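# Structure at a glance
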Amino acid sequence: MIFINFKTYETGTGEKALEMVKTLESVSRETGVKLIPIVQALDLRMIAGQTSLEVWVQGIDNITYGAHTGHTLPEGVLLAGAKGAVLNHSENKALNVEDLAGRNQRARDVGLKTLIFADSTDELRQAISLKPDFVSYEPPELIGSSDKSVATEKPDIVKKAVNIAKNADIPLIVGAGIQTKEDITTSLNLGASGFAIASGIMNAENPRTVIENLAKGFK
Ligand code: G3P
């Protein structure tokens, strides 16, 4: 399973985001690897209506219907077609633990799955205590790297994170700098259940070739 985080890349915005999702859909069909686009809230309805892939959104807020200008309403995200939301990404942290717990709870209340990001094993334990569907370990300093990855630089912490997540029976997703099928194979061998990838795909000259190559790491 690979979560593809569209962030605010140009290739992940508007019509280009739809084009990327169509590529993911086609590669997923051809390789059998589950690919989950994590899209911007603005593009969610347009994309979810035109793909058979499960689509997630990049965040929700801890709010309900009412007066909350500029926030992302969990109910609205569900109505727009999302199946899940990612929370606490290092580029968009929750305000504090209570806020994170509130966002996670709101997602659950409306029927959205959640993946909570952590940038350390301490944060991972905190995330796990909230019982999300997935947790992710991503060292922030390796996010966006084109020559180093969590798999090449942090195998010991990945192993530790795998064990922490396994004890709670929550699948561990790893991310940061993942670009190659070797990154995939190494992480799977360490016990990771899936991946979160952004720049390696969103900035690629030929995203299809990159994803097809990454998919080979699952064989
Ligand atoms: O959410 C995944 C992301 O933060 C990883 O980014 O660019 O290192 O693949 P990147």
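What you see is a predicted model; the values in this text were computed from it and never measured.

Here the focus is the overall build of the protein. From N to C terminus, the protein includes ten helices and eight strands. Taken over C-alpha atoms, the radius of gyration comes to 16 Å for the protein, in line with the 17 Å a tight globule of 219 residues would show. Along the first, second and third principal axes, the C-alpha set of the protein runs to 50 × 40 × 25 Å. A buried classification covers 53% of the 219 residues belonging to the protein. Of the contacts made within the protein by residues no fewer than 6 positions apart, 64% connect residues no fewer than 24 positions apart. Averaging the coordinates of the 23 positive side-chain charges in the protein and doing the same for the 27 negative ones gives two points 5 Å apart.

Taken in spatial order, the eight strands close into a barrel running S1-S2-S3-S4-S5-S6-S7-S8, and their pairing is parallel. Helix H1 (residues 14-31) contacts strand S1 (2-5) and strand S2 (35-39) of the sheet and is inclined by roughly 165° relative to S2. Against the sheet, helix H8 (residues 181-190) contacts S1, strand S7 (172-175) and strand S8 (194-197), and its axis sits at roughly 140° relative to S8.

Another point: the packing of aromatic side chains. Using the criterion set out here, one finds four aromatic pairs in the structure. Centroid distance Phe3 to Phe134: 5.5 Å. Interplanar angle 75°. Geometry classified as edge-to-face. Here Phe3 is found in strand S1, whereas its partner Phe134 is found in strand S6 (residues 134-137), with 131 residues between them in sequence. As far as burial versus exposure is concerned, Phe3 and Phe134 are alike and both buried. Ring geometry for Phe195 against Phe218: centres 5.8 Å apart, planes inclined by 90°, an arrangement best described as edge-to-face. Highlighted residues: Phe195 in strand S8 and Phe218 in the segment after helix H10 (207-216), separated in sequence by 23 residues. Of the residues examined, Phe195 reaches a relative accessible area of 0% and is grouped as buried.

Buried residues of H8: Asp183, Ile184, Ser187 and Leu190, and no others. All buried residues of H8 fall inside an arc of 130° around its axis, so they share one side. The secondary structure elements touched by the buried residues of H8 are S1, helix H6 (150-153), helix H7 (155-167), S7, S8 and H10. Just beyond H8, the residue with positive phi is Gly191, at close to 110°.

The packing of two helices is summarised by the inter-axis angle and the distance between the axes. Contact geometry for H1 and H10: axes closest at 10 Å, N-to-C directions at 35°. Crossing of H1 against H10: the hand is right-handed. On H10, the residues that touch Met20, Thr23, Leu24, Ser26, Val27, Glu30 and Thr31 of H1 are Pro207, Arg208, Ile211, Glu212 and Ala215. Class assignment of the residues belonging to the contact of H1 with H10 gives a composition of six nonpolar, three polar and three charged.

Moving on, we come to the site of the ligand. As a structural note, the neighbourhood of the ligand is formed by 13 residues, with His89, Glu138, Gly144, Gly177 and Ser199 the closest of them. A distance of 2.7 Å separates an oxygen atom of the ligand from a polar atom in the backbone of Gly144. The fraction of the free accessible surface of the ligand (310 Å²) that becomes covered by protein chains is 100%. Taken together, the residues of the shell around the ligand break down into six nonpolar, five polar and two charged.

Calculation rules
Numbering of residues begins from 1 in every chain and follows the order in which that chain's sequence is written. Selection of residues for local features in this predicted model requires a pLDDT of at least 70, selection of side-chain atom pairs for listing and counting requires 80 or more, and totals for whole chains, interfaces and linings are taken over all residues. Hydrogens are left out, water is left out, and the side-chain values use all remaining heavy atoms of the structure. By the criteria applied, helices consist of DSSP H or I runs no shorter than four residues and strands consist of E runs no shorter than two, each listed in order from the N terminus. A radius of gyration in this sense is built from C-alpha atoms; the matching globule rule multiplies 2.2 Å by the number of residues raised to 0.38. Exposed residues in this analysis have more than 50% of their type's maximum accessible area, buried residues have under 20%, and partly exposed residues fall in between, with area computed by a 1.4 Å probe over protein chains only. The contact criterion used is simple: two residues touch if any of their non-hydrogen atoms lie within 4.5 Å. In this charge count, Lys and Arg are treated as positive and Asp and Glu as negative; neither His nor the chain ends contribute. For this purpose, a charge sits on NZ of Lys, CZ of Arg, CG of Asp or CD of Glu. Strand pairing is defined by DSSP finding a minimum of two bridges between the two strands. Helix axes are fitted only over the stretch in contact, all axes being lines through C-alpha atoms; the angle between N-to-C directions runs from 0 to 180 degrees. Only the six-membered ring of Trp is used, alongside the rings of Phe and Tyr, when aromatic pairs are assigned; centres must lie within 6.5 Å, and planes under 30 degrees apart are stacked while those over 60 apart are edge-to-face, with the rest tilted. To obtain the arc, one takes the directions from the helix axis to the C-beta atoms. Left-handed describes a crossing whose near helix is turned anticlockwise from the far helix through less than a right angle; right-handed describes the clockwise counterpart. Amino acid classes used here: Ala, Val, Leu, Ile, Met, Phe, Trp, Tyr, Cys and Pro are nonpolar; Asp, Glu, Lys and Arg are charged; the rest, including Gly, are polar. Note on terminology: near, applied to a residue and a molecule or strand, indicates that one of the residue's heavy atoms is within 4 Å of it. Each polar contact in these results corresponds to two N or O atoms within 3.5 Å; when the atoms are within protein, one needs to be able to donate a hydrogen and the other to accept it, and residues that are neighboring in sequence are counted only if both atoms are side-chain atoms. To be clear on the numbers: accessible area is Shrake-Rupley with a 1.4 Å probe, and residue cover counts the displayed protein chains and nothing else.

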